[in-house]
Amino acid sequence: MSDFLSFLESEGSLQDFAPDVRGAPFSDIDMASATTIVGIHYGRGVLLCADSQATLGNLDRLRGPFRKLVPVGRTAAIGFAGAAGMALNTSRIMQITVEAEAAALGDDLSAEFISLIGERVLAKLFTLSMQSGGKISVHCLLGAYDAPSGRAKLYSIDPMYNRIDHEYTGYMAIGSGSSHAQSSLDHRDHRPEMAQDALKQGIAALLAACEHNAGTGKPLFAVRIDEEGVYAYTQEEIEDVEVTNA
Amino acid sequence: MPERYTQSVESEMWGIVNTFLSQEGVTPVIALATEDGVVFMTTSSIPGFEKLKKLHRTGLYFAGVGETTIISRMHTQLVNRAHVLEYEGGFSNVSLGRIRSKEQDEGGVLSELRSTFHHPEVVPPRAAFLLAQVGRDAASTVFLQIAADGTYGSDEGFGVIWDSESDERIAKKLSEVISIGVPTLQHAIEMMRAIWFAEERLSDTQPTIWLVRYEEPGTFNTIEGGRSA
């Protein structure tokens, strides 16, 4: 599939990314997973919303803010929950792989191709995740615009590299506050047609997670992905919606 | 192996490469650094096969003439190399110099070209390649020409690839253009068109002109016909 990932592996660079950690004392490390990411379909686009709190064990909550939404190429963005260092590296390798494949192809990649790259990157991490008893793992939400079909797609890729397309339900939440966010979205009364409407639903879901989950905290971030590419909402735009939702 | 034998094989291989590159339908790639950006002039006899390709969004570009399978393979290898360099050391780690240096090593594509070219029982790679690193201005822009045997050369301010006799002739004209100074965009296009159509084999072709602006090195667009990539 991805020629670049194979090349990276043959160069020995991917081994640094997923080192052999057998015997490492993971049981001594308390690594709570805390984050909430929400993805929502609207019209022909997808919206991703994320909190920005980094949690270290059960003692420290770092309000960086920690950006958990990362653009991947020109037409996709990824949100991640899980071990922070691994998540950052995962998103970075996805960014570079998508750029490399797009340059080799001379065109933007399809949403499915990007999601397959994500699946393969997480598959590389699977062994590491198992060696750590599941403590070092990454769960991703991917929004990607698909030029051939003219609409954006929403995928989740879990630590066991299951890749799921959420076209049918129209939304998905991941992370420690996902049950609260998911519950908020379960009770929405309509599937949004416009990005602004999706933003309201996404912010409402994240506020519900912030309310009930210690691992989810403000400020909130959001990006939309559609035929124009990836647009990151400003803090002012998000705060306006928060005030309306309050 | 006796030196005379080696020279004879080498000369035969160059004959095969140049015969292929000088046939009808094989057209050159010409590049010139101007005041505004780098202009590439090219055409392709194969619909949908663009000769100018992006290597990396920092402003690295690739073009090839000759066999398309070799060009595509070389392009993919160099794209991969550029992005591995980015993975290992960030944007500032990506440069033509580092790519060339890595690809000269054992297993690298330049090393592979060299060994294929010198193999007496294998058809040599019938292609030539041009790499460009678009800088902040003409002075910081680098061109690198790679020949079928993996050797490379660089000219200041311009680049051209075709069969060896023709590219020497065009290179001489381009060096005359830049000897006066860095040309304006308009002047560069006029001169490049004049050079292009002075070639008998190109008189019936319609070249495509691409521009990479210094302020936006990751994007290349055609400046005639409205096509963009």
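Right above here is the structure, for reference.
These figures come from a predicted structure and were not determined experimentally.

Novice: Can you explain the overall build of chain A? Please cite residues and give values.
Specialist: The helix and strand inventory of chain A stands at seven helices and twelve strands. Looking at chain A as a whole, 49% of its 246 residues qualify as buried. Contacts spanning at least 24 positions in sequence make up 65% of the contacts within chain A whose residues lie at least 6 apart. Surface summary for chain A: the accessible area is close to 10700 Å², and the carbon and sulfur share equals 51%.

Novice: Hey, could you go over the pairing of strand 6 (residues 142-146) of chain B for me, with residue numbers and the actual values?
Specialist: Residue and element names in this part refer to chain B. Among the five residues that make up strand 6, four are buried, leaving the element largely enclosed by the rest of the structure. Judged from the five bridges that link them, strand 5 (residues 127-133) and strand 6 form a sheet pairing that is antiparallel. Note that in strand 6 the partner of A132 across the bridge is F143. Pairing between strand 6 and strand 7 (residues 152-153): two bridges, direction antiparallel. In the sheet register, I146 faces strand 7, and the bridge partner there is Y152.

Novice: Summarise the interface of chain B and chain A; cite the residues concerned and give the values.
Specialist: The figure often quoted for interface size is the accessible area lost as the parts come together. Contacts between the two partners involve 15 residues from chain B, matched on the other side by 15 residues from chain A. Taken together, both faces of the contact between chain B and chain A bury some 1400 Å²; the carbon and sulfur share is 60%. Looking only at chain B, the three residues that lose the most surface to chain A are N80, H83 and Y87 of chain B, adding up to 47% of its buried area. For R81 of chain B, the salt bridge goes to E11 of chain A, with nearest N and O atoms at 2.8 Å. Run the count over chain B and chain A and you get four residue pairs in polar contact (both at pLDDT 80 or more). Of all the elements in the fold, those that place two or more residues in the side of chain B that touches chain A are strand 3 (52-56) and helix 2 (68-89) of chain B. For the side of chain B that touches chain A, the element with the highest residue contribution is helix 2 of chain B, accounting for eleven residues. When its residues are assigned to classes, the side of chain B that touches chain A shows four nonpolar, six polar and five charged.

Novice: Give me helix 5 (residues 164-179) of chain B: which residues, what numbers.
Specialist: Residues and elements named next belong to chain B. The terminal C-alpha atoms of helix 5, which comprises 16 residues, lie 22 Å apart, in line with the 22 Å expected from a rise of 1.5 Å per residue. Taken as a whole, helix 5 has its buried residues at S166, D167, I170, A171, L174 and V177. Taken down its axis, helix 5 places every buried residue within 130 degrees of arc, on the same side. When the buried face of helix 5 is taken as reference, the exposed residues oriented beyond 90 degrees from it are E165, E168, K172 and S179. In this structure, the buried side of helix 5 is in contact with strand 1 (29-33), strand 8 (158-161) and helix 6 (185-198). A positive backbone phi angle near 145 degrees is found at G181, which sits one or two residues after helix 5.

Novice: I'd like a rundown of the pattern of salt bridges, residues and numbers included.
Specialist: The final tally for this structure, using the stated rule, is 16 salt bridges over all chains. Put simply, K68 of chain A and D51 of chain A hold a salt bridge, and the shortest N to O gap is 2.9 Å. With a gap of 17 residues between them, K68 of chain A in the loop between strand 4 (60-62) and strand 5 (69-72) and D51 of chain A in the loop between strand 2 (45-50) and strand 3 (54-56) connect regions that are remote in the sequence. A residue is classified by how much of its surface remains accessible, and D51 of chain A, at 0% relative accessible area, is buried. We note a salt bridge from E67 of chain B to R126 of chain B, for which the minimum N-O separation is 3.0 Å.

Calculation rules
Residues numbered from 1 in each chain as written. Chains lettered and ligands numbered in written order. Predicted model: local features only at pLDDT ≥ 70, side-chain atom pairs only at ≥ 80, totals over all residues. Heavy atoms only, no water. Helix = DSSP H or I, 4+ residues; strand = E, 2+ residues; numbered from the N terminus. Buried < 20%, exposed > 50% of the residue type's maximum accessible area, 1.4 Å probe, protein only. Contact = heavy atoms within 4.5 Å. Areas by Shrake-Rupley, 256 points an atom, 1.4 Å probe, with all protein chains shown as cover. Pairing = 2+ DSSP bridges. Buried area = accessible area lost by both parts, 1.4 Å probe. Salt bridge = Lys/Arg side-chain N within 4 Å of Asp/Glu carboxyl O. Polar contact = N/O pair within 3.5 Å; in protein donor to acceptor, adjacent residues only side chain to side chain. Nonpolar A, V, L, I, M, F, W, Y, C, P; charged D, E, K, R; others polar. Expected span 1.5 Å × (residues − 1). Arc of directions from axis to C-beta.

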